[in-house]
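Coordinate inspection notes
These are the residues of each chain, in order.
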Amino acid sequence: MKNIVVLGSTGSIGKNTLEVARNLKDKFQIVGLSSNSRWELLAEQVEEFKPRYVALTDCGLVEKLKRRFQGNQLKILTGNNCLQEIVLKPEVDIVVSAVVGAVGLPAAIATIEQGKTLALANKESLVMAGHLVMSLAKKNQILPVDSEHSAIFQSLHSGKPREIKRVIITASGGPFCDYPADKLPEVKPAQALKHPTWQMGQKITIDSATLMNKALEIIEAKWLFGLTAEQIDVVIHPQSIIHSMVEFCDGSVIAQMGLPDMKVPIQYALTYPERSPLGVRWLDLPGIGSLTFKKPDVDKFPALRLGYQAVREGGTTGATLNAANEMAVQAFLNGQIRFTEIAVYVEKVINHHHFIKNPCLEEVLAADAWARQEMKKCLM
Ligand code: NAD
Ligand code: MG
């Protein structure tokens with residue numbers, strides 16, 4: 001029996017994780033759950049999974065939760081450090097990090113430092129400080145939940161690290177893959193929030209529409225698998241059936257495939273190195289008919305180029321890119337900037353930042369804070 005904490009249990013990945021746990025009750029016990037503000041959904045999850053701990057970041061809502069669970073053994077944590085506090089509880093074996101954004105970084109580091117397994121959906125923590133996180137982690141201590149990285153991780157079992165020629169990360173292309181480039185500036189949030197193949201949280205859905213999600217994913221791949229920019233390719237594959245591939249030195253290309261369903265990579269991260277049955281829909285290739293591929297258009301989606309820049313530069317570029325993007329996505333959703341301005345602002349901020357080659361955690365967090373401040377000034 002393994003004890004799991006789910007950070008961000010009320011989000012898209014969090015809810016899928018609980019569905020996986022519900023079907024593997026003989027293997028996993030939920031000992032901790034967390035949410036930013038959705039306390040009612042969190043309370044329902046507490047009633048079903050009966051964890052020992054719960055973390056609700058928003059202090060203003062914590063009284064409601066306390067009243068609901070009065071006289072219960074449940075320990076309620078709150079405030080800015082509650083994610084770190086919950087992962088540090090001694091009974092925790094596996095932390096599923098399914099929070100969105102930079103808030104995931106300190107908890108990811110705490111999980112690794114304590115020698116616990118990190119099932120990582122929160123790609124932002126690797127984008128910001130992959131060099132720090134990976135230098136602390138032992139082999140296979142971080143198990144990727146992001147579908148592309150899970151696919152690469154699974155495909156890598158077919159060869160040795162030195163035999164890798166490159167990885168090919170697939171991208172659905174998002175809702176604007178075939179949309180005229182000259183109409184992109186007029187795109188409204190409601191259009192950008194309609195993803196063709198995946199059901200996800202708001203921030204990653206916008207990132208998928210700008211291809212910033214792929215930019216974050218190539219940075220994530222660099223750190224997880226120790227790759228150079230030349231070893232990471234991106235290909236548009238609108239059917240989202242091949243989740244990514246690894247090409248080895250003998251020309252063999254190993255792919256991981258399946259219908260798009262995040263429960264597959266989530267469960268694999270939890271049960272690794274084993275597999276367990278999962279009630280998924282089976283792949284019907286004749287029913288799908290054809291799998292298509294094309295090159296991404298970096299002029300239309302310049303975010304992707306910024307991802308490669310961050311892979312090449314390393315240092316504080318990732319943290320700056322991530323923070324500027326978080327702010328820009330929010331500004332787009334609030335109607336303050338145009339869709340196409342997201343990448344423009346992010347580029348401006350990363351190209352003006354004070355670059356540090358090998359930043360410590362404080363310097364990473366300072367770069368993040370600086371970028372947010374800079375974005376605020378741009379938006380005024
Ligand atoms: P979501 O918006 O649906 O859920 C986010 C969760 O994080 C919620 O539980 C929310 O309460 C919590 N949260 C938000 N802000 C917080 C804060 N300041 N402090 C503490 N908790 C906070 O997001 P999601 O789509 O589930 O994505 C979560 C992460 O997984 C992201 O990093 C995303 O890039 C990654 N990811 C998601 C998918 C997907 O299919 N949704 C796929 C691959 C990777
Ligand atoms: Mg992904």
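Residues numbered from 1 in each chain as written. Chains lettered and ligands numbered in written order. Predicted model: local features only at pLDDT ≥ 70, side-chain atom pairs only at ≥ 80, totals over all residues. Heavy atoms only, no water.

Here's the deal with the overall build of the protein
For the protein, the helix and strand inventory stands at 16 helices and 11 strands. If you line up the protein on its principal axes, its C-alpha atoms span 60 × 50 × 40 Å. Among the 380 residues that make up the protein, the fraction classed as buried is 56%. A separation threshold of at least 6 residues defines the contact pool for the protein, and within that pool the share at least 24 residues apart is 68%. (Helix = DSSP H or I, 4+ residues; strand = E, 2+ residues; numbered from the N terminus. Buried < 20%, exposed > 50% of the residue type's maximum accessible area, 1.4 Å probe, protein only. Contact = heavy atoms within 4.5 Å.)

Quick word on the coordination of the magnesium ion (ligand 2)
When four donors bind a metal tetrahedrally, each ideal donor-metal-donor angle is 109.5 degrees, and when six bind octahedrally, the ideal angles are 90 or 180 degrees. Those donors, Asp146 (OD), Glu148 (OE) and Glu217 (OE), are the protein atoms that reach the magnesium ion (ligand 2), and they lie 2.0 to 2.2 Å from it. All donor residues of the magnesium ion (ligand 2) come from one chain, and their arrangement in sequence is D-x1-E-x68-E. Taken together, the positions of Asp146 in the loop between strand E7 (142–144) and helix H7 (147–155) and Glu217 in helix H10 (residues 212–225) put the pair 71 residues apart, joining distant regions of the chain. For Glu217, a relative accessible area of 1% gives the class buried. (Donors = N, O, S within 2.8 Å, 3.2 Å for Na, K, Ca; no water.)

As for the site of ligand 1
The local shell around ligand 1 holds 22 residues, among which Thr10, Ser12, Asn36, Glu124 and Gly201 are the closest. In the model, an oxygen atom of ligand 1 is placed 3.2 Å from a nitrogen or oxygen of the Gly8 main chain. When isolated, ligand 1 has an accessible area of 820 Å², and the protein chains bury 87% of it. Partitioned by chemical class, the residues of the shell around ligand 1 number 9 nonpolar, 10 polar and 3 charged. Taken domain by domain, the shell around ligand 1 gets at least three of its residues from each of domain 1 (2–144) and domain 2 (150–260 + 290–314). (Near = heavy atom within 4 Å. Polar contact = N/O pair within 3.5 Å; in protein donor to acceptor, adjacent residues only side chain to side chain. Areas by Shrake-Rupley, 256 points an atom, 1.4 Å probe, with all protein chains shown as cover. Nonpolar A, V, L, I, M, F, W, Y, C, P; charged D, E, K, R; others polar. Domains from an automatic or database assignment.)

Some remarks on helix H9 (residues 202–210)
Counting buried residues in H9 gives 7 out of 9 residues, a clear majority hidden from the surface. Just downstream of H9 lies Leu211, where phi reads positive at about 70°.

What about the packing of helix H13 (residues 303–313) against helix H15 (residues 341–351)?
For the pair H13 and H15, interaxial distance at closest approach is 9 Å and the crossing angle is 25°. Judged by the angle between their axes, H13 and H15 are roughly parallel. Regarding H13 and H15, the two cross each other, and that crossing is left-handed. For the pair formed by H13 and H15, the contact residues are Ala303, Arg305, Leu306 and Gln309 on the first element and Ala343, Val346, Glu347, Ile350 and Asn351 on the second. (Axes fitted to C-alpha atoms, helices over the stretch in contact; angles between N-to-C directions. Parallel < 35°, antiparallel > 145°, perpendicular 65-115°, else oblique. Left-handed = near helix turned anticlockwise from the far one by under 90°.)

Here we look at the domain arrangement of the protein
You can read the domains of the protein as domain 1 (2–144) and domain 2 (150–260 + 290–314). Between domain 1 and domain 2, the contact holds 13 residues from the first and 14 residues from the second. Summing both sides of the interface, domain 1 and domain 2 together bury roughly 1,200 Å²; the carbon and sulfur share of this comes to 71%. Applying the counting criterion to the domain 1 and domain 2 interface returns 2 salt bridges. Taken together, the connections running from domain 1 to domain 2 amount to 4 residue pairs in polar contact (both at pLDDT 80 or more). Among the secondary structure elements, those contributing two or more residues to the side of domain 1 that touches domain 2 are helix H6 (124–136) and E7. (Buried area = accessible area lost by both parts, 1.4 Å probe. Salt bridge = Lys/Arg side-chain N within 4 Å of Asp/Glu carboxyl O.)

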